[in-house]
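# Report on the structure
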Amino acid sequence: MEHKNYNAINKSVRKKDAMQLLLGKPVYTKDIAPENALVVKLLRSPHANAIVNTIDTKVAKLVPGVVDIFTWEDVPDNRFTNAGQTYPEPSPYDRLIIDRHVRFVGDVVAIVAAENEKAAKKALSLIKVSYDVLEAVLDFRKAKDSNILVHPEDNWVAPIDVGGSNKRNLVASEQSEHGDVDGVLADCDIVIDRTYHTKAFNQAMMETFRTYTSYDRYGRLHVISSTQIVFHVRRILSHALGIPKNMIRVEKPRIGGGFGAKQTAVSEVYPAFVTMKTGRPAMIVFTREESQIAGSPRHEMEVRVKLGANKNGKIRVLDLYTLSNSGAYGEHGPTTVGLSGHKSIPMYTGSLEAHRFNYDVVYTNTMAAGAYRGYGATQGIFALESAVNELAENLNMDPTVIREMNMLKEGMVMPAYYNEIASACALDKCLAHCKEMFDWDKKYPVRDMGNGKVRCAGIGMAMQGSCISNLDVGSATVKLNDDGTYTLMIGAADMGTGCDTILAQMVAECMDCSVDDVTVFGADTDASPYDSGSYASSTTYITGKAVEKACTDLKKRMCSIAAGLMDCNEDEVIFDEGKLRRINTEQSVTITDVGNKSQLNNDIVPQASASHSSPVSPPPYMVGMVEIELDKLTGEVTVLDYMAVVDCGIPINPALARIQAEGGIVQGIGHTLFENITNDSKGRPIESSLMQYRLPTRLDMGNLKVEFEHSYEPTGPFGAKSIGEIVINTPAPALAHAIYRATGVWHRELPITPEQIALGK
Amino acid sequence: MDITLTLNGKKITDQIDPDLTLFDFLRSHNCFSVKCGCETSNCGLCTVFFDDTPVLSCSVLAARASGHKITTLEGLQDEAKEFVGFIADQGADQCGFCNPGFVMNTIALLRENPDPTDDEIRQYLSGNLCRCSGYEGQLRGIRSFLDSRKNK
């Protein structure tokens, strides 16, 4: 699709903070926290399920430098959720700051506050705890209706009925069906019935969880945290600590990556509690080990797919059942699971006659899961796209052809996606484009290299959403300064993605100015307009639209001020090439004139705020293709080329959109081939460091090539949808497919390691 | 114990605990560019120059630096400015947390090998993890810096 020429959007401008970051300036939470902050450390449970019988902190408190130690006896008894979600949260209120009942290896037993790290660590080693160790439920397949209850307590609360019950280890459950699923399945020529398993992968953002807290000059709790969700953190802290929201201020500085991990208030409550109790500034920095074993990773899921098709490759029916492991607490449990069906099944709207999607989300005595880029869609898409590849190989059909036959096309109504219309969908163009760029017809056949190695290719398609429809709120305040520049104030959180910059580009486009003339401020609950936060692929689409609306309002206000200067009616004033001109005349004033006038005998505020929500969540689409070389003896997989084409509507900043896609693909390669999360028989996590949790390096990803197909989403800013999450979804099915092509074995569990390939099972 | 070293060109003397890591020492001397990502020598974020060799400061004792020259990104701003704009043009800075270690090691690479191939760049920087960018944009940035230097 052709777009008009824009002044500031669809341009690859540098991120506003780029040079500060690249030159190592002190811009992160730990860099700006004062040195005198108390060091906060957590004593963590060595048991997966236990009751703290006695806890003795007397000796530990004698360590010089230790200021105080808090246990379950010191904290409020009101349960809350750490999930960063709009109130009332779908996630159950199942946490205490410290619970006497510890529910996973790593659960918090005590909070230590000390003058320095050495004293805090020493104190940790001197706290004496005796536990009544209970049998744990570690296998999520055995959790539902187990006689071992992860949350037996009576004050467990579900703010919204999502089909959960703590007396059944059930966080949530749902059944939904469209059409006669069993009837169509019975009538199909072929039914692929397979189960796929994905693990609780860690986001492993380079900056671990961390928070600084102090009392401000008004005696309010001031929180500086590495978070994606300043407003949700304020509410969560208010709830957990039992203090009013207006007594809390939360701001985020630069963030060293989030990927959803920081959509849960993992670290905030501990220093906040210490500051409340001691009156002193406090800081917690999670070690990498803590981030690995007590973070907020992806939900482990098992997805059973029943796919019914005709011999000619027409996919007629899909029946998905997802079992999701929420771990010891329910954060994001009821919501992530939905995407495993809602953001996979609609891709086959083109031919589907019926579909069913049921799920259960269970508690186990393992690390609590949370939000991770893709948010359930990643798991569902691995399953469904693998099943479609299995169908193609079964029917001896080219898997790109089978997709062309069945895929969603623009204008279709999607019964599996809340009956939304695919108003902007270039999925078909993405496939055609990727096929040509990748040279699919040449690379798809298995090529024996004659040295024990084979080369072959695999494919995966993906979709995601752009916001949570009818729920997310994005807001923007734009104000004119007296020098003719603008300040954009937002509550969305740039976690490295560049949203400060792309939203500034939108201001520059609307106000017809340079991106350099837009300063961005955020996010701070005291000053930013309310924004749900940066998650659910919502910032470009939702906050972007709020920026557009605010700019429209600000222009009107500026025209009013200019009208006063030119002594005419405001409807006679127009924006014209960086000036405000009286229509049909040569009379004009500059933006700076208006800025100056706004500060002299003026009663029109040169500032506008707008909020935005959307009744729809338009999906972006993507096709990814991978070529690998596989060593048949060792099982080693070398990624040669990964090529992908994305339809995100219009990329507001093509360079940043491309980096999002490349980064997402490499993360996807990571969880498909290297990253693993396992526990021993007692529930103790194995991959507790980056030595064991193997992140992809620059030697592991081959050559990446990402291109875009444009569509125009009428409800998005300038036709834009989203990019942040979808990009992680294609590597798992594409790589599993290529590995099957090389070995003849389908691997239905991630990661697919050389060992598993060599063992051929 | 007392140590004397040259930090970013300035001679300093300090009293330290023998078990203090060079990483903690540097941050306590306001070298905030030095970041910690893993504590197990796996991520490359804490890379600094020990004399002129890149080392992981989380795995070096501060005591070892006595009598030596330590350089962090704070001391190499001009050399870094020459090429980091090319990374910024790719948008490959992203969250930025890995940037200082990556920039330090790239400076070390280009001092050792002023005209590296793509594979040499990947190999040399393979210990510098980045979770955001997917690495390809960083490579494009370094490549376009090298190209622009050749065309000068």
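Here the structure is shown first, and the text comes after it.
Right, let's walk through the structure included here.

### A few points about the overall build of chain B
- Assigned secondary structure in chain B consists of 5 helices and 5 strands.
- If you list the helices and strands of chain B from N to C, you get β-β-α-β-β-β-α-α-α-α.
- Taken over the C-alpha trace, chain B has a radius of gyration of 16 Å; the compact-globule value for 152 residues is 15 Å, and the two agree within 12%.
- In chain B, buried positions account for 57% of the 152 residues.
- Taking as baseline every contact in chain B between residues at least 6 positions apart, the subset at least 24 positions apart corresponds to 57%.
- Carbon and sulfur atoms form 48% of the exposed surface of chain B, whose accessible area is close to 6,000 Å².
- Between the mean site of the 15 positive side-chain charges and the mean site of the 21 negative ones, chain B shows a separation of 4 Å.

### Observations regarding the interface of chain A and chain B
- Contact residues are listed per partner, giving 56 residues for chain A and 52 residues for chain B.
- When chain A packs against chain B, close to 4,300 Å² is buried across both sides, 55% of that on carbon and sulfur atoms.
- Looking at the side of chain A facing chain B, the largest losses of area belong to Leu22, Met206 and Arg698 of chain A, adding up to 22% of the total buried there.
- For the pair chain A and chain B, the number of links is 8 salt bridges.

### A short note on empty space enclosed by the protein
All names here are of chain A.
- Using the criterion set out here, one finds 7 cavities of 30 Å³ or more in the structure.
- Along the walls of the largest cavity sit 41 residues, with Thr497, Gln660, Ile723, Gly724 and Glu725 positioned nearest its centre.
- Elements with a minimum of two residues in the lining of the largest cavity: helix H14 (499-511), helix H15 (539-566) and helix H17 (654-673).
- Ranked by the residues each element gives to the lining of the largest cavity, the list is headed by H17, at 3 residues.
- Along the lines of polarity and charge, the residues of the lining of the largest cavity split into 20 nonpolar, 18 polar and 3 charged.
- Considering only enclosed or pocket space, the second largest cavity measures out at about 140 Å³ in volume.
- As for the second largest cavity, its lining consists of 18 residues, of which Arg95, Val266, Tyr270, Ala294 and Gly295 are closest to the centre.

### Some thoughts on the environment of Ile652 of chain A
Residue and element names in this part refer to chain A.
- Within the element layout of this structure, Ile652 appears in the loop between strand S28 (637-647) and H17.
- Here the alpha-carbon distance between Ile652 and Thr501, two residues 151 residues apart in the chain, equals 9.7 Å.
- In this view, Ile652 contacts Ile9, Asn10, Lys11, Ile502, Gln505, Met506, Thr540, Pro717 and Ala720; residues no more than four positions away in its chain are not counted.

### A word on the pattern of salt bridges
- Summed over the entire model, instances satisfying the criterion amount to 68 salt bridges over all chains.
- Its salt-bridge partner being Glu251 of chain A, residue Arg249 of chain A comes within 3.8 Å of it at the nearest N-O pair.
- Close ionic contact of Arg143 of chain B with Asp118 of chain B constitutes a salt bridge, the shortest N to O distance being 2.9 Å. Of this pair, Arg143 of chain B sits in helix H5 (residues 136-150) while Asp118 of chain B is found in helix H4 (residues 118-124), placing the two residues 25 residues apart along the sequence.
- Exposure remark for Arg143 of chain B: the relative accessible area of 21% places this residue in the partly exposed category.

### Digging into the packing of helix H10 (residues 377-394) of chain A against helix H11 (residues 399-406) of chain A
Residues and elements named next belong to chain A.
- Axis separation between H10 and H11 bottoms out at 9 Å; the angle between their running directions is 115 degrees. As judged from the angle between their axes, H10 and H11 are roughly perpendicular. Taken as a pair, H10 and H11 cross one another with a handedness that is right-handed. Contact with H10, carried on its side by Glu385, Val388, Asn389, Leu391 and Ala392, involves Pro399, Ile402 and Arg403 of H11 and no other residues of that element.
- For the contact of H10 with H11, the per-class residue count stands at 5 nonpolar, 1 polar and 2 charged.

### So, helix H9 (residues 333-342) of chain A
Residues and elements named next belong to chain A.
- Of all 10 residues making up H9, 9 are buried, and the element is well covered by its neighbours.
- Within H9 the residues assigned to the buried category are Gly333, Pro334, Thr336, Val337, Gly338, Leu339, Ser340, Gly341 and His342.
- Against the buried residues of H9 lie strand S7 (170-178), strand S13 (300-309), strand S14 (315-327), strand S15 (354-363), H10 and strand S19 (453-463).

### Focus on the nonpolar core
Residue and element names in this part refer to chain A.
- Core analysis: the biggest nonpolar cluster contains 172 residues, and Ile97, Ile111, Val305, Leu307 and Leu318 have the highest contact counts within it.
- The biggest single contributor to this core is H10, with 9 residues.
- When residues no more than four places from it in sequence are discounted, the contact partners of Leu318 are Val305, Lys306, Leu307, Ile345, Tyr348, Leu352, Ala354, His355, Arg356 and Leu384.
- Core analysis: the second largest hydrophobic core is formed by 47 residues, Leu503, Ala504, Val520 and Met558 among them.

### Description of the state of the cysteines
- Counting across every chain of the model gives 0 disulfides over all chains.
- Left unpaired, Cys130 of chain B is separated from the closest cysteine sulfur, that of Cys98 of chain B, by 3.9 Å.

### Focus on the layout of surface pockets
- Empty space within the largest pocket amounts to approximately 1,600 Å³.
- In terms of lining residues, the largest pocket is bounded by 48 residues, among which Lys30, Val39, Lys41 and Glu117 of chain A together with Asp24 of chain B are the most central.
- Elements supplying a minimum of two residues to the lining of the largest pocket: helix H2 (29-32), strand S1 (38-44), helix H4 (117-126), strand S12 (282-285) and helix H8 (288-293) of chain A together with helix H1 (22-28) of chain B.
- Examining the composition of the lining of the largest pocket, we find that 6 residues originate from one element, S1 of chain A, more than from any other.
- Looking at the lining of the largest pocket residue by residue, the classes come out as 22 nonpolar, 6 polar and 20 charged.
- Here the second largest pocket is characterised by a volume of approximately 910 Å³.

### Notes on helix H7 (residues 269-278) of chain A
Residues and elements named next belong to chain A.
- Of all 10 residues in H7, 7 are buried, a share of seventy percent or more.
- Among all positions of H7, only Val269, Tyr270, Pro271, Ala272, Phe273, Val274 and Thr275 are buried.
- Backbone geometry just downstream of H7 places Gly279 in the positive-phi region, at approximately 75 degrees.

About the criteria used
- Residues numbered from 1 in each chain as written.
- Chains lettered and ligands numbered in written order.
- Predicted model: local features only at pLDDT ≥ 70, side-chain atom pairs only at ≥ 80, totals over all residues.
- Heavy atoms only, no water.
- Helix = DSSP H or I, 4+ residues; strand = E, 2+ residues; numbered from the N terminus.
- Rg over C-alpha atoms; globule rule 2.2 N^0.38 Å.
- Buried < 20%, exposed > 50% of the residue type's maximum accessible area, 1.4 Å probe, protein only.
- Contact = heavy atoms within 4.5 Å.
- Areas by Shrake-Rupley, 256 points an atom, 1.4 Å probe, with all protein chains shown as cover.
- Lys, Arg positive; Asp, Glu negative; His and termini not counted.
- Charge placed at Lys NZ, Arg CZ, Asp CG, Glu CD.
- Buried area = accessible area lost by both parts, 1.4 Å probe.
- Salt bridge = Lys/Arg side-chain N within 4 Å of Asp/Glu carboxyl O.
- 1 Å grid on protein atoms, 1.4 Å probe; cavity = no way out; pocket = protein on both sides within 12 Å on 5 of 7 lines; lining within 4 Å.
- Points joined across faces, edges and corners; volume = space filled by probe spheres on them.
- Nonpolar A, V, L, I, M, F, W, Y, C, P; charged D, E, K, R; others polar.
- Axes fitted to C-alpha atoms, helices over the stretch in contact; angles between N-to-C directions.
- Parallel < 35°, antiparallel > 145°, perpendicular 65-115°, else oblique.
- Left-handed = near helix turned anticlockwise from the far one by under 90°.
- Core = buried A, V, L, I, M, F, W, Y, C linked by side-chain atoms within 4.5 Å.
- Disulfide = S-S within 2.5 Å.

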